Structure formats: structure tokens, C-alpha cells
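Observations on the model geometry
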Amino acid sequence: MVHGVPIHPAEKLEMARLAARLAAEVLSMIEPYVVPGASTERLDRICHDHIVNVQGAIPANMGYHGYPKTILTSVNQVVCHGIPSPDKILKKGDIINIDVAVIKDGWFGDTSRMYFVGAPSVLARRLVETTYEAMLAGIRQVKPGATLGDIGHAIQSVAQRENFSVVREYCGHGIGRIYHDKPQVLHYGRRGEGLKLEPGMVFTIEPMLNAGKRDTRQMADGWTVVTKDRSLSAQWEHMVAVTPEGYEVMTAWPGGTGAYAPV
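Residues numbered from 1 in each chain as written. Predicted model: local features only at pLDDT ≥ 70, side-chain atom pairs only at ≥ 80, totals over all residues. Heavy atoms only, no water.

Attention now goes to the sheet that holds strand 10 (residues 208–210). Taking strand neighbours across the sheet as the criterion, the 3 strands line up as 6-10-13 in an open arrangement whose pairing is antiparallel. Edge positions in the sheet fall to strand 6 (165–166) and strand 13 (233–235), since each has one partner strand and no second. Summarising the sheet, strand 6 and strand 10 pair through 2 bridges and their orientation is antiparallel. When the sheet's bridge partners are listed, Val 166 is paired in strand 10 with Leu 209. (Pairing = 2+ DSSP bridges. Helix = DSSP H or I, 4+ residues; strand = E, 2+ residues; numbered from the N terminus.)

Next up, the structure:
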């Protein structure tokens, strides 16, 4: 434990690695179902059944602080925490983030990615691809002796280059036997500031970028967060371990993700 941040020995990392792989597999499995006309409720049901019946795992989000579903489905201007609904029907041109977490043998795996529903607008594609690039820029800062500020600065630099804004109310987090643990991983910051990274630390890097201003508001359901100016929002999330050599992406998607190469 360093400053309250767990340091996982190698044999425990294997447990985290399994949970992470299962979470990544869900995102790969659901991709063919993300099509115009599908309801987010149907996507949720498919993911739930896969986690329980195929993986023999537990959907981590169900019941977490009262959350009612297996996945989080955030469409277009929804920044995060969108609740699947039979009334939310995907249409051509939508962008959607699906966020999933599983529990396997007491360990958590957590990841999210963006999907295009049909052909996106030029702005939507640029936002999604820039957010992916920003996440990778943050991940590539991870190594022993680097700081959390290095990660945040790298992400913020990519976002600002494209005139997109970084959401600040939500951040990455430590993960292992606890879903949301220390440290908090901000997606903005200054180089050299914050916690120094050590091998055995495991956390998520999950930037949310808005096409407009960074301000958000929570809807009346107590979960769904949208952009205040109704601009598009995108998010990607990987679970990362600090290794003696640098980093390991624990939630790399099987076979890559469409145009997005595996990391």
C-alpha cells in the first residue's frame, strides 16, 4: 500500500487479469448487436445473459449504489451513466458508449468503448477518434516513477489540440478487489504532479471528451449525465497495470476493435 493505493503482487494480478479479460470480451461480443433499431434494453439483456450464463461471472453494476442494470449506455450527448431502456432505440448516426464491469472470483474488471451506429457525422467521428487517441496518450505515460499528472496532461493535450473539452467531474480509479479504489486518475493535469506510480498499481484511464464545453448536468433519474450545451460526448476506458517495464493494458479487446488497433 502506497498512500492508500494497493500494490498487487504478481499472483494477484493474474486474478485481476482474468476479470479484465472477461469485461473486454463482453464489449467484443455485443458489437454485432449495436445497430439501428436496437434498444439499449436489448443490449443490456444480451450482456447480462453472457456474463452470467457464458462467463460464469457477476455483473458488477447491478445493484451498485442502487443502479438497476448490467451495462451503462451513453448515447450522443450523454456523457456517462446512461441507463438502458426499452424506449431508447438506436438510430443511424448515433454514437454510443457501452460501459461494463464484471466480478470474477472476487476481482473486478471494468472497461468501456465507443460504437458507431451506422455512419457517423464528421464531427462525431473526429470526437470518438480523438478521445481514443487521448486515452492511449494517457496510457503510454504509465511506468514506474511517472506521475498521475503525466497521464492527465497527455490526455488534456490531445483534447485541446482538437478544441475539445475534458470532463472534470468524473475520473479513472483504482480497481482490484474493490470496484472504485484509490487512486483517482484525473484526465487533466500537469507533468510531474501527483502520485508517483509503482509496479503493482492497477487503475482505469477513461477520459470523457465533449465536442462543446466541459460542463455537465445530472438528469432527474439520479444517474444519467449529459452535456449542459447538448454537444456530443465520447468516452473510452481501459484497465491498466503498472509493470516494472511500463504498463499492461488488461482490458485489450479481443482482435482489436474495428478500425481501432489492439494496444
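Along the polypeptide, Arg 177 turns up in the loop between strand 7 (172–174) and strand 8 (181–185). Excluding residues that lie within four positions of it along the chain, Arg 177 makes contacts with Asp 105, Gly 106, Trp 107 and Phe 108. (Contact = heavy atoms within 4.5 Å.)

A word on the packing of helix 1 (residues 10–30) against helix 2 (residues 40–54). Taken N-terminus to C-terminus, the directions of helix 1 and helix 2 make an angle of 135°; their axes are 10 Å apart at the nearest point. Relative to helix 2, the element helix 1 lies oblique. Considering how the two elements wind past one another, helix 1 and helix 2 form a crossing that is right-handed. Where helix 1 abuts helix 2, its residues Glu 25, Val 26, Met 29 and Ile 30 lie against Leu 43, Ile 46, Cys 47, His 50 and Ile 51. (Axes fitted to C-alpha atoms, helices over the stretch in contact; angles between N-to-C directions. Parallel < 35°, antiparallel > 145°, perpendicular 65-115°, else oblique. Left-handed = near helix turned anticlockwise from the far one by under 90°.)

The next point concerns the packing of helix 3 (residues 122–139) against helix 4 (residues 148–161). As a packed pair, helix 3 and helix 4 sit with axes 7 Å apart at the nearest point and diverge in direction by 155°. Relative to helix 4, the element helix 3 lies roughly antiparallel. The two elements helix 3 and helix 4 cross, and the hand of that crossing is right-handed. Where helix 3 abuts helix 4, its residues Thr 130, Glu 133, Ala 134, Ala 137 and Gly 138 lie against Ile 151, Ala 154, Ile 155, Val 158 and Arg 161.

What follows concerns the pattern of salt bridges. Tallied over the entire structure, the rule returns 10 salt bridges. A salt bridge links Glu 14 to Arg 17; the nearest nitrogen and oxygen atoms lie 2.6 Å apart. Pair noted here: Glu 14 and Arg 17 are both in helix 1, with a separation of 3 residues, about one helical turn. Classification of Glu 14 as partly exposed rests on a relative accessible area of 38%. Arg 161 is paired through a salt bridge with Glu 162; the nearest N and O atoms lie 2.9 Å apart. Residue classification places Arg 161 among the partly exposed residues on the basis of a relative accessible area of 47%. In this structure, a network of salt bridges that share partners links the residues Glu 14, Arg 17, Arg 21 and Glu 248. (Salt bridge = Lys/Arg side-chain N within 4 Å of Asp/Glu carboxyl O. Buried < 20%, exposed > 50% of the residue type's maximum accessible area, 1.4 Å probe, protein only.)

Take it as geometry only, folks, not as evidence of what the structure does.
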